[in-house]
Each structure stands twice: as C-alpha cells, then as structure tokens.
Amino acid sequence: MPEYLPQTVCEKDGAETALSTYALGVLEAELTDALRKSLNGTAKAFVPLGNLTGLMLLNGRGMKIPVRFSVESAVSVRFESVLTGAGINRTAYRTVLHIEAVLFTAERDGAEPVTVTAAYPVYEAVLAGDVPQYGVVRAG
C-alpha cells in the first residue's frame, strides 16, 4: 500500500511530513469500489449432508454438497489521523485505514448480517521540534 500514498516531503532534512488529502480521498473511493465489487455476487460453500437432515447427531458428517448463494454487502472505508505525545517536543503522527464490511444473504431463515472490521496503519512519523533551553538566573 505505501506505493499508493503520495507524500509531501519536508525540504529541511528530507523527512516525510504529510500525506496528500486529495490522494487519500481518491484511494478511499477506489478501495470502496473494489471491495464492493469483490464482495457482492455469488458465493459457493460445501455443506455436509448430515447438516441438511436437521439431526444434531449427524451434523458435520457425510459427503459435502456444493451450495451457491447470493451475497450482498455494504462497505465503509475511511482514513483516520492520530497525533499522540512521543516525548519532549515530539509528536507521533499516524494515519490508519479503517475498513468495515457488512455481508448479508437473502435466506428464508433471515440470517443475521455478518460484520467484518479491520484497521491497518498506513503511515507513521515522529515530528520533532527543538528542545527549549532553560537557564536559572539568581537575583541577588
């Protein structure tokens, strides 16, 4: 993912200090669209024949029968920037990609939707300033 994150570089020492918010917005839209396309459609699963009998004793037993079902999803992709203290005159900057997908099928039983969430750190930097110098002056 780092190759997709255009960075603005500080001229002072060459340290990366910022990410382009426009590029992050474009990346967010592209990821949302790609995930939506890959998660919607038809899925295939193999169910043991014993599960179809309704008897608990036979669950998980027997030959596996292929079952196809339709899957629909709702996808949310967002970036979050977090600043935290990292010492004297230092701040840790982190950008995190949050993905949430809600998957559901059209079943007679009215199965509950499945929610999958993930968080990926995509950028980290420590911003450092000059440490102030204090002196003690005695009157007297």
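Residues numbered from 1 in each chain as written. Predicted model: local features only at pLDDT ≥ 70, side-chain atom pairs only at ≥ 80, totals over all residues. Heavy atoms only, no water.

Caption draft 1: Main features of the overall build of the chain. Helix and strand counts for the chain come out as one helix and six strands. Taken from N to C terminus, the helices and strands of the chain fall in the order β-β-α-β-β-β-β. Scored against the burial criterion, the 140 residues of the chain give a buried share of 16%. (Helix = DSSP H or I, 4+ residues; strand = E, 2+ residues; numbered from the N terminus. Buried < 20%, exposed > 50% of the residue type's maximum accessible area, 1.4 Å probe, protein only.)

Caption draft 2: Inspection of a nonpolar patch on the surface at higher detail. Taken together, Leu49, Leu52 and Met63 make up a surface patch of nonpolar side chains, about 320 Å² in accessible area. Given a relative accessible area of 55%, leucine 52 falls into the exposed group. (Patch = residues over 30% accessible without salt bridge, like charges linked within 9 Å, V, L, I, M, F, W, Y side chains within 5 Å. Areas by Shrake-Rupley, 256 points an atom, 1.4 Å probe, with all protein chains shown as cover. Salt bridge = Lys/Arg side-chain N within 4 Å of Asp/Glu carboxyl O.)

Caption draft 3: Highlighting the nonpolar core. With twelve residues, the main nonpolar core is built from Leu24, Leu27, Val75, Val77, Phe79, Tyr93, Leu97, Ile99, Ala101, Val122, Tyr123 and Ala125. When contributions to this core are tallied by element, the ones reaching two or more residues are α1 (21–39), β4 (64–85), β5 (90–105) and β6 (114–128). (Core = buried A, V, L, I, M, F, W, Y, C linked by side-chain atoms within 4.5 Å.)

Caption draft 4: Structural detail: the pattern of salt bridges. By the definition in use, this model includes two salt bridges. Residue arginine 36 pairs with aspartate 33 through a salt bridge whose shortest N-O separation is 2.5 Å. Pair noted here: arginine 36 and aspartate 33 are both in helix α1, with a separation of three residues, about one helical turn. Take arginine 36: its relative accessible area is 38%, and that puts it in the partly exposed class. Connected via shared salt-bridge partners are Asp33, Arg36 and Lys37.

Caption draft 5: A look at the side chain of histidine 98. Its place among the elements puts histidine 98 in strand β5. Polar contacts involving the side chain of histidine 98 include one to the side chain of glutamate 80, which spans 2.7 Å. Contacts of histidine 98, omitting those with residues within four sequence positions, involve Ser76, Val77, Arg78, Glu80, Ala118 and Ala119. (Polar contact = N/O pair within 3.5 Å; in protein donor to acceptor, adjacent residues only side chain to side chain. Contact = heavy atoms within 4.5 Å.)

Caption draft 6: Highlighting the pairing of β4. As judged from the eight bridges shared by strand β3 (residues 41–48) and β4, these two strands associate in the antiparallel manner. Bridging from a neighbouring strand, alanine 43 pairs with phenylalanine 69 of β4. Where β4 meets β5, 15 bridges bridge the pair, whose relative direction is antiparallel. Residue pairing in the sheet places phenylalanine 79 in a bridge with leucine 97 of β5. Adjacent in sequence and paired antiparallel, β4 and β5 are bridged by four residues, among which glycine 87 carries a positive phi angle near 120°. (Pairing = 2+ DSSP bridges.)

Caption draft 7: Here's a closer look at the sheet that holds β6. The strand order across the open sheet built from four strands is β3-β4-β5-β6, with neighbouring strands paired in antiparallel fashion. Among the strands making up the open sheet, the edge pair consists of β3 and β6. Between one strand axis and the next, the sheet turns through 30° on average, direction left out of account. (Axes fitted to C-alpha atoms, helices over the stretch in contact; angles between N-to-C directions.)

Caption draft 8: Highlighting the environment of lysine 64. Mapped onto the elements, lysine 64 comes out in strand β4. A relative accessible area of 58% means that lysine 64 is categorised as exposed. In the structure, lysine 64 is positioned 14 residues away from glycine 50 in sequence and 8.9 Å away in space, judged by C-alpha atoms. Setting aside chain neighbours within four positions, we find lysine 64 in contact with Phe46, Val47 and Pro48.

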